[in-house]
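Given next are the chains, with one letter for each unit.
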Amino acid sequence: MENTWEPGFRTQREETHDVAIDVRGTLPGWLDGTFVSNGPGQFEVGGTPLEHWFDALAMLRGFRIDDGSVRYSNRFVRSDDFRVARDQQRVRRSLPGTPADGTAFERLYRALSGAFQDNPSIGVVRLDDTLYAVTESPMGFETDPETLETTGRRDLTTGLDSDVTLGHAHFEDGVQWGLAAEFGRECTYTLFRRVGNRDAAPVSRLVFDHHPPYVHSFALTEHYVVVPEAPYGVDFRRLLLGTPRGATFLDAVSPREAPPRFHVLDRATGERVSVVRTEPFFVYHFANAYEDDDAIVVDCVAYPDSEAITGLTLSNLRRDDPDLPCGDFVRFRLPLHDGDAERTLLLRGPVEFPTIHYRRYNGRRYRYAYLAAIDRGALPTAIVKVDLDGQATARWSEPGLHPGEPIFVPAPSPTREDDGVLLSIALDGREERSVLLCLDAETLTERARAPLPHRLPYPFHGQFYGATDAGRSMA
Ligand SMILES: [Fe+2]
């Protein structure tokens with residue numbers, strides 16, 4: 001089997017500024033705005049190969065789409081981690097799978113003083129008019145959406161007595177809902193609310209011992225927030241003890257004693273209204289959640305165990321026969337007054353990067369979900385559309401191409417939930433070149449593609465910000 005995914009885990013050092021790229025096919029005339037995506041750019045520091053997919057240095061990809069034409073830029077985020085990596089060829093802070101350079105004492109000192117990485121590779125958020133590159137760290141990096149230049153930084157934990165904010169958040173009418181985490185002998189996840197670009201305000205807290213669940217994202221409904229408590233997480237006592245020897249976050253991921261649960265929090269009061277038991281699971285990403293009588297329906301990509309984290313080492317992903325963790329698209333039905341979750345399979349995996357028509361349907365009953373699906377190898381080979389009412393699916397794939405997260409952009413005044421297009425950055429592993437894809441969201445037929453001047457590593461998450469409707473595309 002031809003390994004077409006390995007180029008997706010290889011460094012691209014070239015930066016591009018505002019070049020026009022050819023469009024084959026026709027982009028909708030109404031598609032007007034900026035698509036910004038974040039993800040890996042560089043996979044080694046000096047002579048040190050980074051170990052885990054989440055360690056790679058962050059690179060932004062930007063597409064300005066206007067009147068059927070596309071201008072492309074890509075640029076590394078100038079974080080402190082990036083500067084030290086480029087100028088001194090050192091790993092400045094411990095990354096999820098790669099220890100920081102330095103002596104045992106230096107490592108321990110940094111761990112005890114709560115020094116975190118600032119390499120913002122997960123995604124982007126916009127607070128009022130300011131775009132930030134973000135990850136699970138205290139820092140957001142202000143970014144010029146036109147040039148992708150790093151123009152400043154902001155401590156996103158201000159007002160929260162927390163160490164980091166998560167890379168994923170929700171947005172509703174200019175208000176951000178997010179989770180922040182504090183790590184130590186006791187670990188706390190704080191649900192917060194942020195109006196515009198002001199400091200965040202805590203709404204509710206979930207307190208765990210030194211071995212909290214790893215939480216990557218959460219779900220939001222009209223009245224509630226759903227936080228997953230997987231029976232896997234980082235044992236911070238073990239991490240601290242191993243830090244002088246170079247132990248990382250990844251080495252400290254282990255099964256927890258607490259049972260797998262979902263916590264349902266009331267958005268208005270912060271009160272925990274329901275704790276729902278379920279079978280062991282791990283989730284990175286939710287597609288959507290909504291209230292249904294006396295229950296909450298939660299759709300997400302669920303993995304059976306913590307190999308979802310530990311299986312994403314770069315040495316595994318680059319292999320010709322990677323041992324890939326398999327996430328299925330599943331539905332949990334959570335009773336609003338404690339009890340057990342009902343779980344149903346929506347689409348067998350491996351699938352990832354679930355997205356929806358976010359602006360209109362997040363937190364509401366919905367019909368269509370879009371996901372990246374893997375037929376073989378370590379990266380997605382197809383985009384699939386799931387009709388949750390009809391169970392029918394549509395699919396796009398092309399040999400050798402690895403499509404990234406599909407971002408739904410609604411048509412102006414949409415007449416149907418799927419009236420719009422999907423944007424996705426795909427890697428052509430045979431030609432070693434990336435392309436911007438535009439698919440019709442109703443049929444998943446291709447409307448246009450725009451080849452980039454080079455190959456990009458496979459990305460994580462992006463957003464489309466319309467010129468007239470600045471709304472967000474995904475969770
Ligand atoms: Fe994510």
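As a starting point, this report considers the structure included with it. (Residues numbered from 1 in each chain as written. Predicted model: local features only at pLDDT ≥ 70, side-chain atom pairs only at ≥ 80, totals over all residues. Heavy atoms only, no water.)

### Let's talk about the overall build of the protein
In step 1: Regarding its fold elements, the protein presents six helices and 37 strands.
In step 2: Here the C-alpha radius of gyration of the protein, 21 Å, is about what a compact globule of 475 residues would show, namely 23 Å.
In step 3: The principal-axis extents of the C-alpha atoms in the protein amount to approximately 55 × 55 × 45 Å.
In step 4: Looking at the 475 residues of the protein, the share that counts as buried comes to 62%.
In step 5: Within the protein, contacts between residues at least 6 apart in sequence are counted, and of these 59% link residues at least 24 apart. (Helix = DSSP H or I, 4+ residues; strand = E, 2+ residues; numbered from the N terminus. Rg over C-alpha atoms; globule rule 2.2 N^0.38 Å. Buried < 20%, exposed > 50% of the residue type's maximum accessible area, 1.4 Å probe, protein only. Contact = heavy atoms within 4.5 Å.)

### With respect to the coordination of the iron ion
In step 1: Every protein donor of the iron ion is listed here as His168 (NE2), His216 (NE2), His285 (NE2) and His461 (NE2), and their distances to the metal cover 2.1 to 2.2 Å.
In step 2: Taken together, the four donor atoms coordinating the iron ion span angles of 89 to 168° at the metal, a pattern that classifies the geometry as irregular.
In step 3: Counting residues between consecutive donors of the iron ion along the chain gives the motif H-x47-H-x68-H-x175-H. One end of the pair, His285, is in strand 23 (residues 282–292); the other, His461, is in the loop between strand 36 (446–451) and strand 37 (462–466), with 176 residues separating them in the sequence. By the burial criterion, His285 is buried, and His461 matches it. (Donors = N, O, S within 2.8 Å, 3.2 Å for Na, K, Ca; no water. Tetrahedral: all angles 85-135°; square planar, octahedral: opposite > 155°, others 65-115°.)

### With respect to the packing of aromatic side chains
In step 1: Scanning the model with the defined rule gives 21 aromatic pairs in all.
In step 2: Clustering of aromatic rings is evident, with ring pairs tying together Phe9, Trp53, Phe54, Tyr214, Phe249, Phe282, Tyr284, Tyr303, Phe353, Tyr458 and Phe460.
In step 3: Its end group placed over the ring of Phe76, Arg86 keeps NZ or CZ at 4.7 Å from the ring centre.
In step 4: Across from the ring centre of Tyr368, 4.2 Å away, lies the NZ or CZ of Lys385, which sits over that ring. (Phe/Tyr/Trp six-rings, centres within 6.5 Å; stacked < 30°, edge-to-face > 60°. Lys NZ or Arg CZ within 6 Å of the ring centre and 35° of its normal.)

### Section: the side chain of Asn3
In step 1: By secondary structure assignment, the location of Asn3 is in the segment before strand 1 (16–21).
In step 2: Of note is the side chain of Asn3, whose polar atom sits 3.2 Å from the backbone nitrogen of Trp5.
In step 3: A distance of 2.9 Å separates polar atoms of two side chains, one belonging to Asn3 and the other to Asp320.
In step 4: Filtering out sequence-adjacent residues up to four positions away, Asn3 remains in contact with Arg318, Arg319 and Asp320. (Polar contact = N/O pair within 3.5 Å; in protein donor to acceptor, adjacent residues only side chain to side chain.)

### Some thoughts on the sheet that holds strand 17 (residues 219–220)
In step 1: Strands sit in the order 17-18-21-22-26 across an open sheet of five strands; the sheet is mixed. Both edges of this open sheet fall to strand 17 and strand 26 (339–340), since each of them pairs with a single strand only.
In step 2: In this structure, strand 18 (residues 224–229) lies alongside strand 21 (residues 261–266), joined through six bridges in antiparallel fashion. Its bridge partner lying in strand 21, Glu229 is registered against Arg261. (Pairing = 2+ DSSP bridges.)

### Observations regarding the layout of surface pockets
In step 1: Estimated volume of the second largest pocket: approximately 430 Å³.
In step 2: Among the residues making up the lining of the second largest pocket, the classes are represented as six nonpolar, five polar and seven charged. (1 Å grid on protein atoms, 1.4 Å probe; cavity = no way out; pocket = protein on both sides within 12 Å on 5 of 7 lines; lining within 4 Å. Points joined across faces, edges and corners; volume = space filled by probe spheres on them. Nonpolar A, V, L, I, M, F, W, Y, C, P; charged D, E, K, R; others polar.)

### As for the environment of Val36
In step 1: Structurally, the position occupied by Val36 is in strand 3 (residues 33–42).
In step 2: Separated by 28 residues in the primary sequence, Val36 and Arg64 place their C-alpha atoms 8.7 Å from one another.

### Some thoughts on the sheet that holds strand 25 (residues 328–335)
In step 1: One open sheet holds the four strands; their spatial order is 23-24-25-27, and the pairing between them is antiparallel. Every other strand in the sheet has two partners, leaving strand 23 and strand 27 (342–347) as the edge strands with one partner each. Recorded for the sheet is a direction-independent mean angle of 25° between the axes of neighbouring strands. (Axes fitted to C-alpha atoms, helices over the stretch in contact; angles between N-to-C directions.)

### Let's talk about the nonpolar core
In step 1: If you look at the biggest cluster of nonpolar residues, it comprises 49 residues, and the most contacted ones within it are Phe9, Trp53, Phe282, Tyr284, Phe329, Tyr366 and Leu371.
In step 2: When neighbours within four sequence positions are excluded, Phe282 is seen to be in contact with Tyr214, Ala230, Tyr232, Val301, Ala302, Tyr303, Asp305, Ala308 and Ile309.
In step 3: Listed in part, the 30 residues of the second largest apolar core include Ile21, Leu50, Leu57 and Val70. (Core = buried A, V, L, I, M, F, W, Y, C linked by side-chain atoms within 4.5 Å.)

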